[in-house]
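One-letter residues, chain by chain:
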Amino acid sequence: MQADTTGILLTLLLISVVAVVALRRINLPAILGYLAVGVLAGPHALGLVKDIHDIHLIAEFGVVFLLFMLGLEFSLPRLVAMRRAVVGMGGAQVLLTAIITGSAALMMGFSPAAAFTLAGVMTVSSTAIVIRQLGEQLEINSRHGNNAVGILLFQDLAVIPFLIIIPVLGVQGAADGAGNLTLEITLTLAAGVLAAILLFFGGRWVLRPLFREIAKSRSAELFTLAVLLTVLGAGWLTNTAGLSWELGAFLAGIALSETQYKHQIEADIRPFRDVLLGLFFITIGMMLNVGGLAEIFHWVLIFLAILILAKTLIIFLIGRAMGEAPGVALRTGLVLAQGGEFGFAMLSIANPDLMSSSERQIVLATVIFSMVLTPILVKYNGLLAKRLVPGYARGRREHAVEIRQDTSDLTNHVVVCGFGRVGQNVARLLGSEGIDYTAIEVDPDIVHQANEAGLRVYFGNSTHLDILQSAGLDRARALVLTHLDDASTIKTIEIVRGVNRDIPIIVRTRTDEFLDRIHEAGATEVVASVYEMSLALGGHVLRTLRVPGTKILRQIEEIRSEDYAPLRHTFHGDRARDENDFAPLAPRTLKNVTLVPGAKSVGRRLGDVLPRDGSVVVDALNRHGIRGESPNADMMLQEDDVLTLYGAPEALDAAEEQLLAGRPG
């Protein structure tokens, strides 16, 4: 690498560190810092970087790794589970936005190729900013948060055909005509499909066995090298075939997404992706001509207003058409009203001749400024919805009333906040002792499955006092907080203590980072997972060494009574990744299977239709609202029975197939 390129990189990295630290202090996304660094350091502002060509070549690999991570996170079962938000709302949003944007561009005099590119750019939103902001606001699992995540997922997938087609547009001369262009696009898409097939089967036959052997070597360096080779090798193969590097990386990610090494690969590749993606955003910022911005600023403001209003309205109308409440539909539209990082990727690979310099600057500035406004729109989406939709607050009150009516018969029960794995196990123990409970959960899929199984679980956020009171907080004998979000845990405790100083509050936390703050907020008991694991393991060790059980229990209770103080005094050495941790076990989980009319298992004995090897256990059977735990193998199955099965995901899928279609698992 030449000395001047090295100097440019060092300068950009130095400024980026300062900018990102500053933005973190005011709680803004790092992407905005990278864009700002590019704008200031670029040839159109301070001129610290005169020629961005060398940097841009390096930065493009950031998008390659981003697409690989997208493929790695691809999950067909997740798409099926979220099909309403992903395929329904997401598909409709992409299609309508693309058609409207493309039609408007054609009417404004843009060429068909430029109109197609603009349609792709304006279709996507910023996954990185929206997901981070929703997570910080504890809204990621709200109704509008789930809708937004589903739409973003479809947008990310819809980027792939745009990345395949856009590089072809404008390559041929005007004299070639539409026929040749159509043929070129068709051939490119065919090559993309062929590459997908080859990489998919290649991943199954080559990559999976390869990574299995590499994992056996117990070498972290070799594992990381293999990941890098896979990403860049797949990108090179598709590039050699006349397609984009990004497509190859995406397909390689999909090929590895269903392996047991998925999470390890994510951990290894993330640092490369984040650094190179940061450089990519810097080069995008450098493309913005701030000196000439004054001449086009009025156009930027017009297109910015059109982009935000149009995308909000499109998503709002789609949400309403699919049965969402007006407030939820509006909040979904507000958080997705901006342009996104993949829009920059499309602009960067588009032929420069598709748009004039001025037009490209207007589009670039519009997307950048829309992303700058995103934290504000996401932060105040609830307030805006309440102001613009008069009945929105009333709808939330009606939901609380429904919960209150359903729990009106309960007294002296326990309110469980968070119905994940720990919450469900707590509820199971309460049920075994005949103690009633109600549970509040923000994941609608869990709520739906639990309701199918006949359990009293309600959708809601524990930080909302009206939801807690609707679940019978004033009549409850205890409150249990099981979720891992310590910030929302502390907020919930403070809210509860504001109206009830006496109710016992038992809290689960993962580490000791917020242990003292949780106690200070008013928790009665705090169970720290990391310390309880130590106590359990230590107890087993002492029992093996024949220490009396009463002495072990007394010692453990003393440690708990001191809030784990004796366990907090530990040396924190270099917590490097365990090089042997390459093969995590597949988690076992619960899954509901409804015996719809026509299911092959209807009318047959339960013991005859499930695997005999014990890989799947029937946890419960819900028939006409009556739930039975551990049903007998001789029970005859009926239509509309809901079986709650327990096992590994692969075994559960096979069992569902066997129950519904009668095929062997």
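Up top is the structure these notes are about.
All figures in this text were calculated on a predicted structure; none of them were measured in a lab. (Residues numbered from 1 in each chain as written. Predicted model: local features only at pLDDT ≥ 70, side-chain atom pairs only at ≥ 80, totals over all residues. Heavy atoms only, no water.)

### Examining the environment of I362
Argument step 1. Along the polypeptide, I362 turns up in helix 16 (residues 357-379).
Argument step 2. In this structure I362 comes out as buried when scored by relative accessible area, which is 12%.
Argument step 3. Distance from I362 to W299, taken between C-alpha atoms, is 6.9 Å for residues 63 residues apart in sequence. (Helix = DSSP H or I, 4+ residues; strand = E, 2+ residues; numbered from the N terminus. Buried < 20%, exposed > 50% of the residue type's maximum accessible area, 1.4 Å probe, protein only.)

### What to know about the sheet that holds strand 5 (residues 505-509)
Argument step 1. If you walk across this open sheet you meet the 6 strands as 3-2-1-4-5-6, and the pairing is parallel. Every interior strand has two partners, whereas the edge strands, strand 3 (457-459) and strand 6 (525-528), have only one. If you compare each strand with its neighbour and ignore which way they point, the axes differ by 20° on average.
Argument step 2. Both strand 2 (residues 437-441) and strand 3 contribute to a ladder of 3 bridges, which runs parallel. What sits directly across from E441, in strand 3, is F459.
Argument step 3. Packed on one face of the sheet, helix 22 (residues 486-499) meets strand 4 (478-481) and strand 5 and runs near 170° to strand 5. (Pairing = 2+ DSSP bridges. Axes fitted to C-alpha atoms, helices over the stretch in contact; angles between N-to-C directions. Contact = heavy atoms within 4.5 Å.)

### Considerations on the sheet that holds strand 10 (residues 642-647)
Argument step 1. Ordered by their spatial adjacency, 4 strands build an open sheet running 7-10-8-9, and the pairing between neighbours is antiparallel. Looking at the sheet topology across the chains shown, the edges are occupied by strand 7 (589-594) and strand 9 (626-629). Taken pair by pair, the neighbouring strands of this sheet meet at an average axis angle of 25°, ignoring direction.
Argument step 2. Inspection of the sheet shows strand 8 (residues 616-623) paired to strand 10 by 6 bridges, in the antiparallel sense. By the bridge assignment, L621 is partnered in strand 10 with L643.
Argument step 3. Lying on the sheet, helix 20 (residues 444-452) is in contact with strand 7, strand 8 and strand 10; it crosses strand 7 at an angle near 60°.
Argument step 4. Lying on the sheet, helix 27 (residues 649-661) is in contact with strand 7, strand 8 and strand 10; it crosses strand 7 at an angle near 15°.

### Observations regarding the packing of helix 5 (residues 83-107) against helix 6 (residues 112-123)
Argument step 1. Between helix 5 and helix 6, the shortest axis-to-axis distance is 8 Å and the interhelical angle comes to 140°. With respect to helix 6, the element helix 5 is oriented oblique. Helix 6 is crossed by helix 5, and the crossing has right-handed handedness. In contact with Q93, V94, T97, A98, T101, G102, A105 and L106 of helix 5, helix 6 contributes P112, A115, L118, A119, M122 and T123. (Parallel < 35°, antiparallel > 145°, perpendicular 65-115°, else oblique. Left-handed = near helix turned anticlockwise from the far one by under 90°.)

### Here's the deal with the pattern of salt bridges
Argument step 1. All told, the structure shown has 12 salt bridges when counted by the stated rule.
Argument step 2. The partner of R627 in a salt bridge is D619, with the nearest N and O atoms 3.6 Å apart.
Argument step 3. R627 sits in the partly exposed class, given a relative accessible area of 25%.
Argument step 4. What you see here is one network of salt bridges that share partners, running through R428, D619, R627 and E629. (Salt bridge = Lys/Arg side-chain N within 4 Å of Asp/Glu carboxyl O.)

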